[in-house]
Amino acid sequence: MRLDVVTIFPEYLDPLNVSLVGKARARGRLDVHIHDLREWTYDRHNTVDDTPYGGGPGMVMKTEPWGDALDQVLADGYEAGAHGPALVVPTPSGRPFTQALAVELSERPWLVFTPARYEGIDRRVIDEYATRLPVYEVSIGDYVLAGGEAAVLVVTEAVARLLPGVLGNAESHRDDSFAPGAMANLLEGPVYTKPPEWRGREIPDVLLSGHHGKIARWRRDEAFRRTAANRPDLIERCDPASFDKKDRETLSILGWAPEPGGRFWRRVEGVEE
Ligand SMILES: C[S@@+](CC[C@H](N)C(=O)[O-])C[C@H]1O[C@@H](n2cnc3c(N)ncnc32)[C@H](O)[C@@H]1O
């Protein structure tokens, strides 16, 4: 996979040299190119922003540097043999970045990121490139960062660990929280390693039983417990057809009940239905 990032803070992307993403680069699974947007400015002050039309606080990133930069980055990538680019635009007003979206992006051969600063990029830039390539406007959460570089790091790490040959154990992401499959929509439960006792705290006996069926059951129950506590919205969205008898019992103990349509909702204490 090829990644291009255009930014006014190239050094912010230095972490892409370490850990899992760094190894993916070293193994040739990721070909990363970081570009300084200011290289496509032609005035003495290397200006990339200007005041907003319509007034208001803050500055807006200008069309010209972004347009020239993206034209060049795309042309260079094509010349180097890359194909199928998609633009990834970090913005708090984008669609939420989820594991499903990480999977979708990991299947693309070439991602071009446009992390912004100030109040964001002049809209015409996004509209222009949307006529030429798929554009993903992505938010990494319901909060506002000072710039999109941290979002690029988040998206890149989530995508890179899904690429074949990047994780040491290809099974590692199978049971992750949000992973597609049997545990889809559930958070992963607690995990433990040696020693078996630490400061008087023991690990659950079942994990030492060697009984794969019982361990799988325990993990699923714990996943339900954690999801119900931290992300009730995920349980509400679950397809009840994926619940077995024990899941239903666990949910009932946790205070959940099926509505007539079958989906589960948390019973509100003290409210007569
Ligand atoms: C200060 S923010 C601009 C916020 C903008 N005024 C708004 O409310 O949508 C500057 C840049 O940081 C990045 N950014 C901030 N929060 C983000 C988030 N939650 N997800 C992805 N990118 C974000 C985007 O690149 C954004 O253009």
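Anyway, here's the lowdown on the structure attached to this text. Just so it is clear, the structure is predicted and the values come from calculations on it, not from any experiment.

Rules used throughout
- In this numbering scheme, every chain counts its residues from 1 along its sequence in written order.
- Note on the predicted model: pLDDT of at least 70 is required for a residue's local features to be given, and 80 or more for side-chain atom pairs to be given and counted; whole-chain, interface and lining totals, by contrast, use all residues.
- Water and hydrogen atoms play no part in the side-chain values, which are based on all heavy atoms of the structure.
- Numbering of helices and strands starts at the N terminus; helices are DSSP runs of H or I of at least 4 residues and strands are runs of E of at least 2.
- Throughout, radius of gyration means the C-alpha value; the globule benchmark is 2.2 Å times the number of residues raised to the power 0.38.
- When accessible area is computed with a 1.4 Å probe and restricted to protein chains, residues below 20% of their type maximum are described as buried, those above 50% as exposed, and intermediate ones as partly exposed.
- Should any heavy atoms of two residues lie within 4.5 Å, those residues are counted as being in contact.
- Criterion for a salt bridge: a side-chain nitrogen of Lys or Arg within 4 Å of a carboxyl oxygen of Asp or Glu.
- A single heavy atom is enough: if one lies within 4 Å of a molecule or strand, its residue is considered near that molecule or strand.
- Side-chain atoms alone can form a polar contact between residues adjacent in sequence; in general such a contact is a pair of N or O atoms within 3.5 Å, and within protein one must be able to donate a hydrogen while the other accepts it.
- Only the protein chains shown count as cover for residues, with accessible areas throughout obtained via the Shrake-Rupley method and a probe of 1.4 Å.
- Residues belong to one nonpolar core when they are buried, are Ala, Val, Leu, Ile, Met, Phe, Trp, Tyr or Cys, and are joined through side-chain atoms within 4.5 Å.
- Two strands are said to pair when DSSP picks up at least two bridges between them.
- For every element, the axis is a line fit to its C-alpha atoms; helices are fit only across the contacting stretch, and the angle between N-to-C directions ranges from 0 to 180 degrees.

## Points about the overall build of the chain
Thinking step 1. A tally of helices and strands in the chain yields eight helices and 11 strands.
Thinking step 2. On C-alpha atoms alone, the chain measures out to a radius of gyration of 23 Å, which is more than a quarter above the 19 Å that the 2.2 N^0.38 rule sets for 273 residues.
Thinking step 3. In terms of principal-axis extent, the alpha carbons of the chain reach across some 70 × 50 × 40 Å.
Thinking step 4. Out of the 273 residues belonging to the chain, those deemed buried represent 40%.

## Brief notes about the environment of Ile235
Thinking step 1. On the secondary structure map, Ile235 appears in helix 7 (residues 232–237).
Thinking step 2. As a C-alpha pair, Ile235 and Trp265 span 30 residues in sequence and 7.8 Å in three-dimensional space.
Thinking step 3. Contacts of Ile235, omitting those with residues within four sequence positions, involve Leu186, Phe224, Thr227, Ala228, Leu251, Trp256 and Phe264.

## Focus: the pattern of salt bridges
Thinking step 1. Using the criterion set out here, one finds 19 salt bridges in the structure.
Thinking step 2. Residue Asp127 pairs with Arg123 through a salt bridge whose shortest N-O separation is 3.1 Å. Of the two residues, Asp127 and Arg123 are both situated in helix 4 (residues 123–130); the distance of four residues between them amounts to about one turn of the helix.
Thinking step 3. Looking at Asp127, the relative accessible area reads 40%, which means it is partly exposed.
Thinking step 4. According to the relative accessible area criterion, Arg123 is partly exposed, its value standing at 43%.

## Thoughts on the site of the ligand
Thinking step 1. Lining the immediate surroundings of the ligand are 18 residues, of which Pro90, Glu119, Gly141, Tyr143 and Leu145 lie closest.
Thinking step 2. In the environment of the ligand, a nitrogen atom lies 3.3 Å from a nitrogen or oxygen atom belonging to the backbone of Thr91.
Thinking step 3. Here a nitrogen atom of the ligand sits 3.0 Å away from a polar atom, N or O, in the main chain of Leu145.
Thinking step 4. Taken by itself the ligand offers 580 Å² of open surface, and the protein chains cover 83% of this.

## Brief notes about the nonpolar core
Thinking step 1. Ranked by internal contacts, the top residues of the largest apolar core, which has 30 residues, are Leu30, Phe97, Leu105, Leu111 and Phe113.
Thinking step 2. The set of elements that each furnish at least two residues to this core consists of strand 1 (2–7), helix 1 (19–26), strand 5 (85–96), helix 3 (99–106), strand 6 (110–113), strand 7 (135–139) and helix 5 (149–160).
Thinking step 3. The biggest single contributor to this core is helix 5, with six residues.
Thinking step 4. In this structure Leu30 touches Met1, Leu3, Val21, Ala24, Arg25, Ala160 and Leu163, once residues within four positions along its chain are discounted.
Thinking step 5. Formed by 22 residues, the second largest nonpolar core is a distinct cluster that contains Met61, Leu74, Val125 and Tyr129.

## What to know about unusual backbone geometry
Thinking step 1. The peptide bond linking Lys194 to Pro195 adopts the cis configuration, its omega dihedral lying at 5 degrees.
Thinking step 2. Relative to the helices and strands, Pro195 is located in the loop between helix 5 and strand 8 (197–198).
Thinking step 3. If you check the backbone angles, Asn46 has positive phi at about 50 degrees while not being a glycine.
Thinking step 4. With respect to the helices, strands and loops of the structure, Asn46 is situated in the loop between strand 2 (31–36) and strand 3 (49–50).
Thinking step 5. Asn46 sits in the partly exposed class, given a relative accessible area of 31%.
Thinking step 6. Even without being glycine, Arg199 reaches a positive phi, approximately 50 degrees.
Thinking step 7. Residue position: Arg199 is located in the loop between strand 8 and strand 9 (201–202).

## With respect to the sheet that holds strand 2
Thinking step 1. Taken together, five strands build an open sheet; the order of strands is 2-1-6-5-7 and the sheet is parallel. Looking along the sheet, the strands with just one partner apiece sit at the ends: strand 2 and strand 7. Averaged over all neighbouring strand pairs, the angle between strand axes comes to 25 degrees, with direction disregarded.
Thinking step 2. Pairing of strand 1 with strand 2 involves six bridges; the strand directions are parallel. Across the sheet, the residue bridging to Val5 is Ile34, located in strand 2.
Thinking step 3. Across the sheet, helix 2 (residues 63–79) touches strand 1, strand 2, strand 5 and strand 6, and the angle it forms with strand 6 is around 160 degrees.

Purely geometric stuff here, so don't read any function into it on its own.
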